[in-house]
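Observations on the three-dimensional arrangement
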Amino acid sequence: MAIVEVKDLRKTYGGHHVVDGVSFTVEEGEIFGILGSNGAGKTTTVECVEGLRVPDGGSVTVAGLDPVRDHDRLTTVLGAQLQQSELQPKITVREALEQYTRFYEHPADWRELAGRLGLEEKLATRFSALSGGQRQRLSIALALIGNPRVVVLDELTTGLDPRARRDTWQLIEDVRDSGVTVLLVTHFMEEAQRLCDRIAVIDRGRVAALDTPAGLVARSTASTVISFTPSQPLDQQELERLPQAVSVEHRAGRIVINGTDETVDAVVSLLARHRIAAARLRVSDASLDDAFLDLTGPPAPDAADSGTAEHAPASSPASASEERTR
Ligand SMILES: Nc1ncnc2c1ncn2[C@@H]1O[C@H](COP(=O)(O)OP(=O)(O)OP(=O)(O)O)[C@@H](O)[C@H]1O
């Protein structure tokens, strides 16, 4: 059953269509990923789902509620991750959990949540003294404190080291396993591939593709990677002429070819024809990274300021926070 329905969502800033007809549904119990480059329109889309921005067109429902019109009731079904700036540096973990518990009529047991998220040792620690991973765990706990049916997590693992990122992934899976639907915004391919049941790839305000991670990889023109170390040099042009070969690279003595299953057969025939042995011949699926690049095409001209795009809303005069409805 769909718990989030987004239909033909539109949002324009200064004549620029930053969300341009986005549609998707999120099924109850899944981890649904929104994947896209900087400035693609991911945050604007999910903030419309959270009722933090008012769409210019289209419709959004969350468990049958309109996020703007039914905002008070929405907080009982949807939990959103806090912006770090929304917490006072001096507040302790316990104080934050207790404070947020008071916002809800039927809150979760904060001690139990702290235990689940590995925060019980940190209850007396001030927010400013928490590590990046601990802050993210606290923000997941606060998003879950109202016992929501859906939780929105936006760029949750940005800035975390690889171990903290993996720990956070495990927590997100635990959240899903506890029955909460997760809407996850990310630009980490590995994260999307590992966690998401389905992914909407957003490119320039539109849904470029919507599928399972494996489905997205299979759609890409180069779905298979073949690599090997040849016993003798091979002619580059002959390799490039192989059927369905999209790219041929030489990496540290190895040949790496992106193509399809048809390319694999052709490589094997080519090697046999030239009586060349292939050491450590490997055939694997292309990564979501390859599929993403294939599905989204070259970056938009204004993507060069991608680092600032993320922060533009907060500092711009027409800022999202001014427009926020809560
Ligand atoms: N309040 C606003 N006023 C003006 N422009 C905005 C506002 N909010 C977003 N934008 C612009 O809309 C575009 C999409 O922004 P959005 O934050 O949704 O992208 P994103 O995909 O989440 O990017 P990132 O990965 O960098 O966070 C960007 O070009 C951004 O500068």
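Residues numbered from 1 in each chain as written. Predicted model: local features only at pLDDT ≥ 70, side-chain atom pairs only at ≥ 80, totals over all residues.

Before going further, it helps to spend a moment on the nonpolar core. If you look at the biggest cluster of nonpolar residues, it comprises 69 residues, and the most contacted ones within it are Ala141, Leu183 and Leu184. Sequence-distant contacts of Leu184, that is, excluding residues within four places in its chain, are made with Ile31, Phe32, Gly33, Leu153, Ile172, Leu195 and Cys196. One finds Ile226, Phe228, Ile257 and Ala278 within the second-largest nonpolar core, a separate group that totals seven residues. (Core = buried A, V, L, I, M, F, W, Y, C linked by C-beta atoms within 7 Å. Buried ≥ 20, exposed ≤ 12 C-beta atoms within 10 Å, placed from the backbone. Contact = placed C-beta atoms within 7 Å.)

Position of Val26 among the secondary structure elements: in strand β2 (residues 16-27). Taking the C-beta count within 10 Å as the criterion, Val26 has 23 such neighbours and is therefore assigned buried. Sequence separation between Val26 and Thr224 is 198 residues; the distance between their C-alpha atoms is 29 Å. Look past the residues within four positions of Val26 in its chain and what remains in contact with it is Ala2, Ile3, Val4, Phe32, Thr181 and Leu183. (Helix = DSSP H or I, 4+ residues; strand = E, 2+ residues; numbered from the N terminus.)

Turning to helix α6 (residues 162-177), a few remarks are in order. With 16 residues, α6 should reach 22 Å at 1.5 Å per residue; the first-to-last C-alpha distance of 23 Å fits that figure. Those residues of α6 that sit buried are Thr168, Leu171, Ile172 and Val175. Down the axis, α6 shows its buried residues gathered within 100 degrees of arc, on one side only. What points out from α6, more than 90 degrees from its buried face, is the exposed set Pro162, Arg163, Gln170 and Asp177. Those residues of α6 that are buried lie in contact with β3 (31-36), α5 (132-144), β6 (150-154), β7 (181-186) and α7 (189-195). Note on α6: the residue one or two positions beyond its end, Gly179, has a positive phi of about 100 degrees. (Expected span 1.5 Å × (residues − 1). Arc of directions from axis to C-beta.)

This part covers helix α1 (residues 42-49). Burial of α1 is extensive: eight of the eight residues sit out of reach of the surface. Those residues of α1 that sit buried are Lys42, Thr43, Thr44, Thr45, Val46, Glu47, Cys48 and Val49. Gly51 occupies a position one or two residues after α1 and carries a positive phi of about 80 degrees.

Another point: unusual backbone geometry. For Ala63, which is not glycine, the phi dihedral falls at a positive 50 degrees. Position of Ala63 relative to the elements: it lies in the loop between β4 (57-62) and α2 (71-77). Phi at Glu155 is positive, roughly 50 degrees, even though this residue is not glycine. Mapped onto the elements of the fold, Glu155 is located in the loop between β6 and α6.

For the rest of this paragraph, the subject is the pairing of β3. Among the six residues in β3, six count as buried, and that is most of the element. Going residue by residue along β3, you find Ile31, Gly33 and Leu35 tucked away on one face and Phe32, Ile34 and Gly36 tucked away on the opposite face as well. In terms of strand pairing, β3 meets β7 through five bridges, oriented parallel. In the sheet register, Phe32 faces β7, and the bridge partner there is Leu183. One ladder, built from five bridges, connects β3 with strand β8 (residues 198-203); its direction is parallel. Within the sheet, the bridge partner assigned to Gly36 lies in β8 and is Ile202. (Pairing = 2+ DSSP bridges.)

Packed helices, taken two at a time, are described by their axes: the angle between them and the distance between them. At a minimum axis separation of 10 Å, α5 and α6 run at an interaxial angle of 15 degrees. Comparing their axes, α6 and α5 come out roughly parallel. Handedness of the α5/α6 crossing: right-handed. When α5 is examined against α6, the residues Gly132, Gly133, Gln136, Arg137, Ile140 and Leu144 are found in contact with a partner set consisting of Ala164, Asp167, Thr168, Leu171 and Val175. (Axes fitted to C-alpha atoms, helices over the stretch in contact; angles between N-to-C directions. Parallel < 35°, antiparallel > 145°, perpendicular 65-115°, else oblique. Left-handed = near helix turned anticlockwise from the far one by under 90°.)

Attention now moves to the packing of helix α3 (residues 93-101) against α5. Between α3 and α5, the shortest axis-to-axis distance is 9 Å and the interhelical angle comes to 20 degrees. Here α3 is positioned roughly parallel relative to α5, judged by the angle of their axes. Crossing angle aside, the handedness with which α3 passes α5 is right-handed. For the pair α3 and α5, the contacting residues are Val93, Ala96, Leu97 and Tyr100 in the first and Leu138, Ala141 and Leu142 in the second. Here the residues of the contact of α3 with α5 are counted per class, giving seven nonpolar, no polar and no charged. (Nonpolar A, V, L, I, M, F, W, Y, C, P; charged D, E, K, R; others polar.)

Attention shifts here to the pairing of strand β1 (residues 2-13). Where β1 lies against β2, nine bridges are found, and the strand directions are antiparallel. Bridge assignment links Val6 to a residue of β2, and that residue is Phe24. In this antiparallel pair of consecutive strands, β1 and β2, the connection spans two residues, and Gly14 shows a positive phi of 55 degrees. Both β1 and β4 contribute to a ladder of five bridges, which runs antiparallel. Among the inter-strand pairings, Arg10 is bridged to a residue of β4, identified as Gly57.

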